[in-house]
Amino acid sequence: MLASIDVQKFNTLIEINTLINSNYSDVRSLLTQILESATRLCEGEASSLLLVNKQEQKLYFEIALGSKGAAVKKYSLNMGEGIAGWVAQHNTSIIVNDVENDSRHLAEISKNIGYPSRTMLAVPMRMKDECVGVIELINKKNGKYFTQDDLEWLEIFANQAALAIQNARSFEKAQEEIHFLQDQIQTDKGYHTLIASSPVILEKLEIIDRVAKTDSSVLILGESGVGKELFAEQIHLKSTRNQGPFVRVNCAALPEGLLESELFGHVKGAFTDAVQNRRGRFEMADGGTIFLDEIGDLPLKLQAKLLRVIQQKSFEKVGSDTTIKVDVRILAATNRDIEALVEKGEFRSDLYYRLNVLPIYIPPLRQRPEDIPELANFFLKKFSRETKKQFDGFSDEAMEIMLSYSWPGNVRELENCIERACVISKDRWIKAEDLLLRNMQHNSAMSEQRNLKNALTVFKKHYIKKVLEENNWNQTEAAKALDIQRTYLSRLLKELDIVNPKE
């Protein structure tokens, strides 16, 4: 125990403790303050704070103060090497007042930087009794020796430094979780509900059930707005990785320099704004799935790095030569003609073949009109809640227009159309004029004559279901409302595969 309490040192300790409990975001600044205080109060000429890398069994100079601080930071120590390495290995504090004659001293560093070490005090930073780093003071001022009192004060400062590191790591982990959740909420709003009635999409979902059980890469193709991301979500949710993260990246949303950092992370100092280490999306997706949207826009340089991740499941962060291993399943999507990109040399053929192990093509909405009524009603319920309006459904004319329109923007355009209709409608029924598609309807219908039969069939099915629901599925009453024979209605139910959901 300390023989007496030094008021100045005690006040400094309280000041640092207050900082630790209020500032977790800039741990480097906080550690520097702790080291500066320890150096000043224990009268050291120079000092270093080294952190242990358990995987590599090395110690790295995180902070170095004194006239040769910058030069010292170029070095690293093996566990057990030098006095600091010995302290880390034995998790024990030490005073060495005759450094030159101590066998543990690594004279090479002192010689190379031109700074002789005469006396040294080194203590471990402990986290749950495990050494996570070392603080060392070099050369007590005025030729003095370090004392047991100095050691005990330095141990107190080392405990504060360990606490700062622990808090900072917890804060960093929380920040990453928040970033991940915000990414899902703001960009994706979590997992989406997939609405499907058409045979072609139900067939795709059956394929996904089989594909999901593997770890092979999947390339999802289709026009913009068809819902490729929703199908990627289904693959993840139905896979054995469904308890792991599902990380989404839009490869077209960021320039090449930022995209590389976003995908693979960076180390502090890798570029101008890299003020601290950052985990990339691949590291965040470890044990789960990563979805690379707009893969056709990925720059050639990053295509080579992605190919290596697929083949070797490893990569290096920007600015680092340390290899990181990850266990990630890759799902990719594009609305571009990727085979044409390969022929032009704009997309690597070897990467294309690795991604195209299990290709899935999602047809546009105009080729699956059976989904339009289901999707429209789903979006109607969604935007009824958001606009705080009550709607009973779509008028027959509104549904007919939606079934006739070609939907070049696919499901995304349909969703926007329904949202707009909910905002401007003044009735309990969404009418044709609320959709603002009337001017486009004729041209769209003319250009899509080959789908007219399908559209009429879907409209007929939707209309008959609506009448049946209004008559509580009483076929006799429904036939009267439709002004057709009861036997004809029965035949239509079989032809259109209309089933009472209560049966």
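Only a predicted model underlies this, so the values are computations on that prediction, with no experimental measurement involved.

K.L.:
I tried to follow the packing of helix α7 (residues 199-211) against helix α8 (residues 228-237) on my own but got confused; where do I start?
P.N.:
Each pair of packed helices gets described by two things: the angle between the helix axes and the distance between those axes. The N-to-C vectors of α7 and α8 enclose an angle of 35°; their axes lie 10 Å apart at closest approach. For the pair α7 and α8, the sense of crossing is right-handed. In this structure, α7 uses Ile201, Lys204, Leu205 and Ile208 to contact α8, whose residues at the interface are Phe231, Gln234 and Ile235. Tallied by class, the residues present in the contact of α7 with α8 amount to 5 nonpolar, 1 polar and 1 charged.

K.L.:
Even after reading the chapter, I still don't get unusual backbone geometry, so can you show me in this structure?
P.N.:
A negative phi angle characterises most non-glycine residues, just as the trans form characterises most peptide bonds. Look at Asn91: it is not a glycine, yet its phi comes out positive at around 55°. Mapped onto the elements, Asn91 comes out in the loop between α4 (82-90) and β4 (94-96). Judged by relative accessible area, which is 22%, Asn91 ranks as partly exposed. Phi angles above zero are rare outside glycine, and Trp407 is one such case at about 50°. Turning to its location among the elements, Trp407 is positioned in the loop between α15 (396-404) and α16 (410-424).

K.L.:
So what exactly am I meant to see when it comes to the packing of aromatic side chains here?
P.N.:
How two aromatic rings sit relative to each other is given by the distance of their centres and the angle of their planes. Overall, the coordinates contain 8 aromatic pairs when judged by the stated rule. Ring geometry for Phe378 versus Phe379: centroids 5.6 Å apart, planes at 65°, classification edge-to-face. The ring of Trp86 carries the charged tip of Arg104 above its face, separated from the ring centre by 4.7 Å.

K.L.:
Looking at this structure, how should I read the nonpolar core?
P.N.:
Soluble globular proteins: nonpolar side chains tend toward being buried together. Phe282, Leu292 and Ile295 are the most contacted members of the largest nonpolar core, which totals 32 residues. At the level of secondary structure, the elements contributing two or more residues to this core comprise β8 (246-250), α9 (256-264), α10 (281-284), β9 (289-293), α11 (300-312), β12 (329-334), α12 (338-344) and α13 (349-355). Here this core takes 5 residues from α11, the largest share from any one element. Apart from the residues within four sequence positions on either side, Ile295 is in contact with Leu219, Cys251, Leu306, Ala332, Ala333, Thr334, Ile338, Phe347 and Leu355.

K.L.:
What should I look at first to understand the pairing of strand β1 (residues 44-53) in this one?
P.N.:
The side chains of a regular strand alternate between both faces of the sheet. Counted residue by residue, β1 has 8 buried out of 10 residues, so it is predominantly covered. Here 7 bridges tie β1 to strand β6 (residues 130-140), and the two strands are oriented antiparallel to one another. The residue bridging Ser47 from the neighbouring strand is Leu137, located in β6. Relative to strand β2 (residues 58-65), β1 runs antiparallel, the two sharing 7 bridges. From the neighbouring strand, Val52 faces β2, where its bridge partner is Leu59.

K.L.:
For this particular structure, what's the right way to read a nonpolar patch on the surface?
P.N.:
On the surface, a nonpolar cluster with roughly 260 Å² of combined accessible area is contributed by Val423, Ile424 and Leu436. With respect to the element layout, Val423 can be found in helix α16.

K.L.:
How should the packing of α9 against α11 be read in this particular structure?
P.N.:
Closest axis-to-axis distance for the α9/α11 pair is 11 Å, and the angle between their directions is 15°. Between α9 and α11, the crossing angle belongs to the class labelled roughly parallel. With respect to the hand of their crossing, α9 and α11 are arranged in left-handed fashion. When α9 is examined against α11, the residues Glu256, Leu259, Glu260, Leu263 and Phe264 are found in contact with a partner set consisting of Lys301, Leu302, Lys305, Leu306 and Val309. Here the residues of the contact of α9 with α11 are counted per class, giving 6 nonpolar, no polar and 4 charged.

K.L.:
What am I meant to see in the environment of Leu403 here?
P.N.:
In this structure, Leu403 sits in helix α15. Leu403 gets classed as buried once you look at its relative accessible area, which sits at 5%. Expressed as a C-alpha distance, the spacing of Leu403 and Phe459, which sit 56 residues apart in the sequence, is 7.0 Å.

K.L.:
Explain the sheet that holds β1 to me, please; I cannot follow it from the model alone.
P.N.:
Two orientations exist for strands paired in a sheet by backbone hydrogen bonds: parallel and antiparallel. If you walk across this open sheet you meet the 6 strands as β3-β2-β1-β6-β5-β4, and the pairing is antiparallel. Lying at the two open borders of the sheet, with one neighbouring strand each, are β3 (76-78) and β4. Neighbour-to-neighbour, the strand axes of the sheet open up by a mean angle of 25°, direction not taken into account. Against the sheet, helix α2 (residues 27-41) makes contact with β1, β2 and β6, and its axis sits at roughly 70° relative to β2, the strand it touches most.

The rules behind the values
- Position labels on residues start from 1 in each chain and follow its written sequence.
- The predicted origin of the model limits local features to residues at a pLDDT of at least 70 and limits the giving and counting of side-chain atom pairs to 80 or more, whereas totals for whole chains, interfaces and linings rest on all residues.
- Only hydrogens and water are removed before side-chain values are computed, so all heavy atoms of the structure are retained for them.
- Working convention: axes come from line fits to C-alpha atoms, limited for helices to the stretch in contact. Angles between N-to-C directions cover 0 to 180 degrees.
- A helix here means a DSSP run of H or I that spans at least four residues, while a strand means a run of E at least two residues long, and both kinds are numbered starting from the N terminus.
- With the far helix as reference, a near helix turned anticlockwise by less than a right angle produces a left-handed crossing, and one turned clockwise produces a right-handed crossing.
- Two residues qualify as a contact provided that any one of their heavy atoms is within 4.5 Å of a heavy atom in the partner residue.
- Residue classes follow a fixed rule: Ala, Val, Leu, Ile, Met, Phe, Trp, Tyr, Cys and Pro count as nonpolar, while Asp, Glu, Lys and Arg count as charged, and any other residue, Gly among them, counts as polar.
- Each residue's exposure class comes from its accessible area (1.4 Å probe, protein chains only) as a fraction of the maximum for that residue type: buried when under 20%, exposed when over 50%, partly exposed otherwise.
- Aromatic pairs are defined between Phe, Tyr and Trp rings, using the six-membered ring for Trp, whenever the two ring centres lie within 6.5 Å; interplanar angles under 30 degrees are classed as stacked, those over 60 as edge-to-face, and all others as tilted.
- Over a ring means this: the NZ of a Lys or the CZ of an Arg is within 6 Å of the ring centre and within 35 degrees of the ring normal.
- Only buried residues count toward a nonpolar core, which is a set of Ala, Val, Leu, Ile, Met, Phe, Trp, Tyr and Cys residues joined through side-chain atoms within 4.5 Å.
- Criterion used throughout: strands pair if DSSP finds at least two bridges between them.
- Think of a patch as exposed residues, more than 30% relative accessible area, with no salt bridge, where like charges cluster within 9 Å and nonpolar side chains (Val, Leu, Ile, Met, Phe, Trp, Tyr) cluster within 5 Å.
- Accessibility throughout is a Shrake-Rupley quantity obtained with a 1.4 Å probe, and a residue counts as covered only by protein chains that appear here.
- Each salt bridge in this description consists of a side-chain nitrogen of Lys or Arg and a carboxyl oxygen of Asp or Glu lying within 4 Å of one another.
- Comment on the angle field: the value is read as roughly parallel under 35 degrees, roughly antiparallel over 145, roughly perpendicular from 65 to 115, and oblique elsewhere.

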